[in-house]
Amino acid sequence: MTLLNAIVQGIFLGAFYAVLACGLSIMFGVMRIINLAHGDLAVLGAYLTFVIVERAGVSAFVAFAIALPVMLVLGYLLQVTILGRSLKAGLLTPLLATFGLSIVIQNLLLIAFSPDVRSLGGSAGAFTTASWQLTSEFSISALGMLVLVVAVIVFGALQLFLSYTPAGWIMRATAEDPEAAELVGIDSKAVYARATAIAVAIASVGGLFLAIRSVFEPTSGPTQLIFAFEAVVIGGMGSLWGTLVGGIALGLAQTLGAQLHPQFSVLAGHLLFLAVLLARFGGGRLTLRVAR
Amino acid sequence: MKVQRWTRTSKLFTGATGAVAVALAVVPLIFGPDIVQKLTNLLILVLLAAMWNALAGYGGLLSVGQQAFIGIGAYGTVFFAGMGFSPYLAMLLATVLAGAVSVPMSLFALRLRAAQFAIGMWVIAEVISILVRLDNNLGAGTGISLFQMNQFAPNFRQAYTFWMALGFTVLFLAAMFFLLRSPLGASLQAIRDDEDAARSLGVRVASRKRLLFVLAGFGCGAAGVLVVANTLFIEPGSVFSVQWSAYMIFMVLVGGLGTFEGPILGAILLFAIQTTFTQGGPWYLVGLGATAALFALVLPRGLWGAIEERFGLRLMPVGYRVVSPEKKSEASA
C-alpha cells in the first residue's frame, strides 16, 4: 500500500511539475530558447497572488484570477523588451540575458518580501487538506486531484488552441519556419510575444500550486526551473504532451526515490534526467512535435 | 603588407604583466593578513573568470555548473588533508582530482548543446552537492573546516595561500596565453568566431572543446582549493552555490567574452564592487544581474571587446594583426 500511495503521490507531484514545465516547453517549441528565469517568474506569480490575498482578504483562487492577466501582460512585455532582442544575437545570449533576469527577480523579491518562507495553503480553502479515504491505508488528496485535472486541462487547451484556432496555426507555422511564416505575412514578433505571454501565465499557475502545496521564498525559483527543465527533457524537448509525461516521470522518480531514503528524492529525479540525456546522447530531436 | 603579432604596446604590456606578477609575489612580505586575504580573493576571481571565458568565450559552452569543480576542489582538499597529507599537498591533489573528474564528465557533457549543456552542468553540480550532503565524513549539510591548516601560524598561512593563488593564476593564465598563441589557438579562435565554419574547414571542434572543458575543470578546481584555504571552512550550500556561476558570468560579460584581457578586467571590476559594497545585500545582486543581462544584449563582447574595436588596442598578443603599408588596419586571427 505504501508503494501504491507513493505512485499516486508521484503522479500528483508530476502533474505539478508538468504545469510548471509547460511554459518552458512552449517557449522552446516556438522560439528554441530556454528561459532561465522561468522558475522565478512562477515564484513572482505566487507572490503577486499572495499580495492580493493579504490586501483584499480573498481566497487564493480568487486572487489568482486577478493575478493571471497581470502575468500575461508581464510575459508579453518580457518578450518585446528583453527576449526579442536576445533572440537575434545568437544561441547563448537568451541564456545569459535570462540568467541575469533571474538574479534580478530573486533579489527584488528578497527586497520586497524578506527571506521569510510563505505559503498560500491556509488561504486556499479547507479542501486543500481534504482527501478521499479509500482504504485504511490508502487515500487520494483533493489538492493532488485538482493539480492533475488542471494539468490535463492546460495541456488539452493548448492542444486545442494549436490544432483548431487560426492563432494556433500561425504559432505552429512560426515555430516550423519563422522566415517562411514572415513571407506569408505573419508577424513573428507578435507570435513570439503571445507565446511568451501564455508561457508566463502558465508558469504562474505552477507558482500558485507551489504556494498551495508547500511553501515558497524569494529564492525558490532556480529549483523550480531545474525541475521544469528536467520534465521537458525527460519528455523530449519540443514535444508538448511529452512534457506532461516527463513531469509525471520526474514526480514518480522523486517519490519512489524517497521510499528508499528521504534524501534520495531529488537525487533520483536528477539521475533520471541525466540518464535520459545520456540515452539520447544530447543531440536529440529538436523539432516541435505537436500532435495534429 | 605584413602580418604582425607583437606591437610596441603589446610588448610593453606583456612585460608589465610579468612585472606585476613578480611584484605581487612580495605582497605578503609587506602587507598585513587582511590585504593578503583580499588579494587572494581577487586572484580567485581572476582565475574563475579566465576559466569561464575559456569555456564560453572560445568553446561556446555556457556552463551554469562550474561550481561542481569548485566544490570538488574544496571538498577534495578537506578529504586529502583528512587522510593525513599536508594541507598544501592536499590542495595540489584536489586540483588534480577536479581536473581528472572533468575528463569522464566531458564525454557526457560535451554531447549536450546550449541550454542542455548549461542546465545539465547545473544538475551535475547539484548531484555532487547532494552526495556531499549524504556523507557524514565530509560534514554532511553543516559544513567542515580545514583545521589541519592551524599547524601554520596565521601570517605564514595567509602568505603561503596567497603564493599558491598567485602561482595557480599565473599558471592558468599562461596556459591560456600559450594555448591561444599556438596553432591550436588559431583553431580555438576560429571556433569562437563561427563554430560551423570552423568545422567545415576541418577544425576538430569536439577535441578542442574537450581540451577547454578539462582546462576549466582544473582551473575551477584550483579556485575551489584556494577558496577553502582562504576561508578554512566550507559548507555545501555555499561552495556548490549557483552564485559562483553568476559571478563568473558577470565578470566575463562585463569584461569581455572571448577576449584574453576582458575577464581579468571584469574580475578587477567585481572585486572593486565587492570591496565598495561590503554588506553585499540584494540591491548589489540586482545590479550585478541587470548589468550582466544588459551587457549580453547591448555589448556582447564586453568592455574590453569595445575598447579593442574602438582603438585597435591589443595588450596581450594572442592574435595576429595585418598591417598594410599605407593605412594601419587590423584583423584578428
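This one's a predicted model, so the numbers in the text were calculated from it and none came from an experiment.

Peer 1: I'd like a description of the overall build of chain B, backed by residues and values.
Peer 2: Helices and strands together make up the secondary structure of chain B, namely 15 helices and four strands. For chain B, the C-alpha radius of gyration of 20 Å lies close to 20 Å, the compact-globule estimate for 333 residues. By principal-axis analysis of the C-alpha atoms, chain B measures approximately 65 × 45 × 40 Å. Buried residues in chain B amount to 47% of all 333 residues.

Peer 1: Quick rundown of the overall build of chain A? Include the residues and the values.
Peer 2: Secondary structure assignment for chain A yields eleven helices and two strands. Listing each helix as α and each strand as β along chain A from the N terminus yields α-α-α-α-β-β-α-α-α-α-α-α-α. A compact globule built from 292 residues should have a C-alpha radius of gyration of about 19 Å, and chain A, at 19 Å, falls within 12% of that. With the C-alpha coordinates aligned to their principal axes, the bounding extent of chain A is approximately 65 × 45 × 35 Å. When burial is assessed residue by residue, chain A has 52% of its 292 residues classed as buried. In chain A, of all internal contacts separated by at least 6 residues, the share reaching a separation of at least 24 is 73%.

Peer 1: Mind laying out unusual backbone geometry, listing which residues take part and the relevant values?
Peer 2: A positive phi angle is found at A:S114, which is not glycine, with a value near 60°. With a phi angle near 45°, B:A140 is a residue other than glycine that sits in the positive phi range. Along the chain, B:A140 falls in the loop between α6 (114-133) and β2 (144-145). Judged by C-beta crowding, with 15 C-beta atoms within 10 Å, B:A140 ranks as partly exposed.

Peer 1: How would you summarise helix α14 (residues 281-298) of chain B if you had to cite specific residues and measurements?
Peer 2: End to end, α14(B) covers 26 Å across 18 residues, agreeing with the expected 26 Å (1.5 Å per residue, within 8%). Looking only at α14(B), the buried set comprises B:L285, B:L288, B:G289, B:A292, B:A293, B:F295, B:A296 and B:L297. Turning to α14(B), the residues buried within the fold contact α3 (60-88) and α4 (93-113) of chain A together with α12 (243-255) and α15 (302-311) of chain B.

Peer 1: Before we move on, can you summarise α3(A) with the specific residues and values?
Peer 2: All names here are of chain A. Its 29 residues give α3 an end-to-end C-alpha distance of 39 Å, which sits within 8% of 42 Å, the value for a rise of 1.5 Å per residue. Most pronounced at Q79, the bend in α3 amounts to some 45°. Where α3 ends, the next residue or the one after it, G90, has phi of about 110°, a positive value.

Peer 1: Just give me the short version of the nonpolar core, but keep the residues and values in it.
Peer 2: In terms of nonpolar packing, the biggest core is built from 204 residues, with A:V19, B:L47 and B:L48 touching the most fellow members. With 17 residues, helix α1 (residues 2-31) of chain A is the largest single contributor of residues to this core. In contact with B:L48, other than residues within four places in its own chain, are B:C220, B:A223, B:Y247 and B:M248.

Peer 1: Break down the interface of chain B and chain A for me, citing the residues and quoting the values.
Peer 2: Facing the 36 residues of chain B at the interface are 34 residues of chain A. Of all the secondary-structure elements, those providing two or more residues to the side of chain B that touches chain A are α6, α12 and α14 of chain B.

Peer 1: Got a sec to walk through the packing of α12(B) against helix α13 (residues 262-276) of chain B? Specific residues and values, please.
Peer 2: All names here are of chain B. As a packed pair, α12 and α13 sit with axes 7 Å apart at the nearest point and diverge in direction by 120°. Viewed along their axes, α12 and α13 adopt a mutual orientation that is oblique. Considering how the two elements wind past one another, α12 and α13 form a crossing that is right-handed. Where α12 abuts α13, its residues Y247, F250, M251, V252, V254 and G255 lie against G262, P263, I264, L265, G266, A267, L269 and L270. For the contact of α12 with α13, the residue count by class is eleven nonpolar, three polar and no charged.

Peer 1: Help me get a handle on the packing of α4(A) against α14(B), residues and values and all.
Peer 2: With their axes 8 Å apart at the nearest point, α4(A) and α14(B) run at an angle of 160° to one another. With respect to each other, α4(A) and α14(B) are oriented roughly antiparallel. Relative to α14(B), the crossing made by α4(A) is left-handed. Each of A:T93, A:L96, A:A97, A:G100, A:L101, A:I103, A:V104, A:N107, A:L108, A:L110 and A:I111 in α4(A) lies in contact with α14(B), whose residues at this interface are B:P282, B:W283, B:L285, B:V286, B:L288, B:G289, B:A290, B:A292, B:A293, B:A296 and B:L297. For the contact of α4(A) with α14(B), the residue count by class is 18 nonpolar, four polar and no charged.

Peer 1: Account for the confidence of the model for chain A, with residues named and values stated.
Peer 2: Mean pLDDT over chain A: 90, with 96% of residues reaching 70 or higher. With pLDDT under 50 throughout, residues 282-292 of chain A is counted as low confidence; its partners more than four residues away or in other chains account for 23 contacts.

Peer 1: Summarise the environment of A:R32; cite the residues concerned and give the values.
Peer 2: Here A:R32 shows up in the loop between α1 and α2 (38-56). For A:R32 and A:P94, which are 62 residues apart along the polypeptide, the C-alpha to C-alpha distance reads 9.8 Å.

Peer 1: Outline the environment of B:D193, supporting the account with residue identities and numerical values.
Peer 2: Within the secondary structure, B:D193 is located in helix α8 (residues 183-193). Between the C-alpha atom of B:D193 and that of B:I119, which follows or precedes it by 74 residues, the distance is 24 Å.

Peer 1: Summarise the environment of A:L148; cite the residues concerned and give the values.
Peer 2: Residue and element names in this part refer to chain A. Topologically, L148 is positioned in helix α5 (residues 142-164). Through-space distance from the C-alpha of L148 to that of Y164 is 24 Å; in sequence the pair is 16 residues apart. Apart from residues no more than four positions distant in its own chain, L148 is found in contact with I11, F12 and A15.

About the thresholds
Residues numbered from 1 in each chain as written. Chains lettered and ligands numbered in written order. Predicted model: local features only at pLDDT ≥ 70, side-chain atom pairs only at ≥ 80, totals over all residues. Helix = DSSP H or I, 4+ residues; strand = E, 2+ residues; numbered from the N terminus. Rg over C-alpha atoms; globule rule 2.2 N^0.38 Å. Buried ≥ 20, exposed ≤ 12 C-beta atoms within 10 Å, placed from the backbone. Contact = placed C-beta atoms within 7 Å. Expected span 1.5 Å × (residues − 1). Bend = angle between axes of the 7 residues up to and from the residue. Core = buried A, V, L, I, M, F, W, Y, C linked by C-beta atoms within 7 Å. Axes fitted to C-alpha atoms, helices over the stretch in contact; angles between N-to-C directions. Parallel < 35°, antiparallel > 145°, perpendicular 65-115°, else oblique. Left-handed = near helix turned anticlockwise from the far one by under 90°. Nonpolar A, V, L, I, M, F, W, Y, C, P; charged D, E, K, R; others polar. pLDDT = per-residue confidence, 0-100.

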